[in-house]
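Fold and geometry: a report
Below, each chain spelled out in residue letters.
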Amino acid sequence: MNENKIIITGGAGFVGRNLVEYFKIMKVAIILGTRPEIIKMAPIIRACEKSKIDYFILHTGQHYSYNLDKLFFEELELPKPKYNLEVGSGTHAEETGKMLIGIERILKKEKPSLILVEGDTNTVLAGALAASKLHIKVGHVEAGLRSCDRRMPEEINRLLTDHTSDFLFAPTQSANRNLLREGIDKNKIFITGNTIVDAIYQNLELANKKSNILKDLNLTKRKYILVTAHREENVDNESRLKGILDGLEKTYKEFNFMVIYPIHPRAKKKIEKFNLKVPEGIKLIEPISFLEFLQLEANAKLVLTDSGGVQEETCILKIPCVTLRDNTERPETLEVGSNILAGTHPKKILECAKLMSDKERKWENPFGDGKAGERILKILKEKL
Ligand code: UD1
Ligand code: UDP
């Protein structure tokens, strides 16, 4: 059997209860706080709306700049959060601590039967911790990912969240195996696919119709390179950040294709702080909307990134990806051949960019069938 093919589990029906009964007993708090969580929770929010489940959105305010936050609610036509804790930025402890206090207060008032969190941010950990101590059930969407690098804040968040969760929605077999290896009860794990596939399928056509970003940036299909880099371990480290910029310069000179870099505020601040020069051929732009980003991704020659979501999206869209990290919690992308690990050494970045640019784009998508959001809700209705 192809290891990357997902066997979807947990799809059985409503086992004897009627819909009205479900709506009475189930109240879901969707807790989110950053750009990728908004994008990846959107399919679940849509599924909640469609099936008229009693739910509300609790936004921690970890991301608050318009183009990392409200832009996505507007573009994806999502309902406004019922609560926004407005915790803003800070150290890990400051962010997580403020979130814990705020989330606990709201959960005590609203008394949901379950909270849902998605991914590996400080928001996810705070949501899972606050809920589990109130004996409210926790569902973790995108459970079981492991980079096996405990220096990454995201790895700590994933581990702790998975081990306090009651429902672990593993996107792939590989994530399922990680959870089983750590002794998590198999009855809590459901392999559902990743909701990013749903988000892409639901929005790609719209992106092609609505987004003019190629025209606006004067770009020709397959004749530009797209970049994102924002991870703490890369951009907060001067030599790694310089390595990435030098690697991008080498890549630009090799291909003579413009390098477009929608820059996360964290990376922008660090380039300024370290007084680094942005090399010729690299065009920094403000973070863009999901539809615009999808359009840029789908038509790029190559994508270089340290983002988790972008590694998945390029794999699904069949665009070769070079990951500017030493490890990945998305090994499926390496296995199918859509992605390669380059680290941050300039020569290695160029070498990997050359290798991937010749890649035949015929791998299979290992992340599911685009129905993860609906599947997750169905499982919850059945089990709660
Ligand atoms: C967070 C997640 C990371 C995820 C990323 C998605 C954690 C530990 N990290 O990283 O896993 O990949 O979100 O984008 O949760 N800032 C703004 N405006 C904002 C938000 C942040 O300017 O709306 C700037 C601030 O200077 C802030 C810095 O970005 O200090 C970092 O923000 P933070 O939310 O702490 O982490 P991210 O790097 O965004
Ligand atoms: N993205 C976006 N606009 C941008 C850059 C990224 O909409 O300017 C989207 C991208 O399509 C993906 C998500 O943001 O779905 C990835 O978020 P990010 O890289 O911030 O976080 P990570 O996935 O690394 O946690």
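Note: the structure precedes this text.
All figures in this text were calculated on a predicted structure; none of them were measured in a lab.

**Remarks on the sheet that holds strand E9 (residues 258–262)**
- Strand order in this open sheet of 6 strands is E10-E9-E8-E11-E12-E13, and the pairing throughout is parallel. Either end of the sheet is taken by a strand with one partner, and the two such strands are strand E10 (282–285) and strand E13 (339–341). Neighbour-to-neighbour, the strand axes of the sheet open up by a mean angle of 20°, direction not taken into account.
- In the sheet, strand E11 (residues 302–305) pairs with strand E12 (residues 321–323) via 3 bridges, with the strands oriented parallel. The partner of Leu304 across the bridge, within E12, is Val322.

**Concerning the site of ligand 1**
- Taken together, the neighbourhood of ligand 1 is formed by 20 residues, with His63, Ser65, Glu95, Glu154 and Lys269 sitting nearest.
- Separating an oxygen atom of ligand 1 from a side-chain N or O atom of His63 is a distance of 2.7 Å.
- Contact between ligand 1 and His264: an oxygen atom at 3.1 Å from a side-chain N or O atom of the residue.
- Across the complex, the protein chains shield 89% of the 740 Å² of accessible surface that ligand 1 would expose by itself.
- The dominant element in the shell around ligand 1, judged by the number of residues it contributes, is helix H12 (residues 265–273), at 3 residues.
- Class assignment of the residues belonging to the shell around ligand 1 gives a composition of 5 nonpolar, 9 polar and 6 charged.

**Looking at the environment of His63**
- Note that His63 resides in the loop between strand E2 (54–59) and helix H3 (70–75).
- His63 sits 29 residues away from Thr34 along the chain, and the two C-alpha atoms are 4.9 Å apart.
- In this view, His63 contacts Gly33, Thr34, Arg35, Leu68, Asp69 and His264; residues no more than four positions away in its chain are not counted.

**As for the packing of aromatic side chains**
- Counted under the stated rule, the structure contains 5 aromatic pairs.
- Taking the centre distance of 5.7 Å and the plane angle of 75° together, the rings of Phe56 and Tyr83 count as edge-to-face. A residue pair is termed long-range when its members are at least 10 positions apart, and Phe56 in strand E2 and Tyr83 in strand E3 (residues 83–84) qualify at 27 residues. With respect to class, Phe56 is no different from Tyr83; both count as buried.
- Grouped by ring-pair contacts, the aromatic residues Phe167, Phe169 and Phe190 constitute a single cluster.
- The ring of Phe56 carries Lys82 above its face, with NZ or CZ at 5.7 Å from the centroid.

**Side note on the state of the cysteines**
- Taken as a whole, this structure holds 0 disulfides when the rule is applied.
- Unpaired in terms of disulfides, Cys148 finds its nearest cysteine sulfur in Cys321, a separation of 19 Å.

**With respect to the sheet that holds strand E5 (residues 137–141)**
- Pairing is parallel across the open sheet formed by 7 strands, whose spatial order is E3-E2-E1-E4-E5-E6-E7. With one partner strand each, in any of the chains shown, E3 and strand E7 (189–191) form the two edges of the open sheet.
- Two elements, strand E1 (residues 27–32) and strand E4 (residues 114–118), share 3 bridges in a ladder whose sense is parallel. Across the sheet, residue Val28 finds its bridge partner in E4, namely Leu114.
- Against the sheet, helix H4 (residues 92–110) makes contact with E1, E2, E3 and E4, and its axis sits at roughly 165° relative to E2, the strand it touches most.

**Let's talk about helix H16 (residues 346–357)**
- In a regular helix each residue adds 1.5 Å, so 12 residues correspond to 16 Å; H16 covers 16 Å between its end C-alpha atoms and thus fits that length.
- Here H16 has its buried residues at Pro346, Ile349, Leu350, Cys352, Ala353, Met356 and Ser357. The buried residues of H16 all sit within an arc of 165° when viewed along its axis, so they share a single face. Among the exposed residues of H16, those pointing more than 90 degrees away from its buried face are Lys347 and Leu355.
- Packing partners of the buried residues in H16 comprise helix H11 (238–255), E11, E12 and E13.

About the criteria used
- Residues numbered from 1 in each chain as written.
- Chains lettered and ligands numbered in written order.
- Predicted model: local features only at pLDDT ≥ 70, side-chain atom pairs only at ≥ 80, totals over all residues.
- Heavy atoms only, no water.
- Pairing = 2+ DSSP bridges.
- Helix = DSSP H or I, 4+ residues; strand = E, 2+ residues; numbered from the N terminus.
- Axes fitted to C-alpha atoms, helices over the stretch in contact; angles between N-to-C directions.
- Near = heavy atom within 4 Å.
- Polar contact = N/O pair within 3.5 Å; in protein donor to acceptor, adjacent residues only side chain to side chain.
- Areas by Shrake-Rupley, 256 points an atom, 1.4 Å probe, with all protein chains shown as cover.
- Nonpolar A, V, L, I, M, F, W, Y, C, P; charged D, E, K, R; others polar.
- Contact = heavy atoms within 4.5 Å.
- Phe/Tyr/Trp six-rings, centres within 6.5 Å; stacked < 30°, edge-to-face > 60°.
- Buried < 20%, exposed > 50% of the residue type's maximum accessible area, 1.4 Å probe, protein only.
- Lys NZ or Arg CZ within 6 Å of the ring centre and 35° of its normal.
- Disulfide = S-S within 2.5 Å.
- Expected span 1.5 Å × (residues − 1).
- Arc of directions from axis to C-beta.

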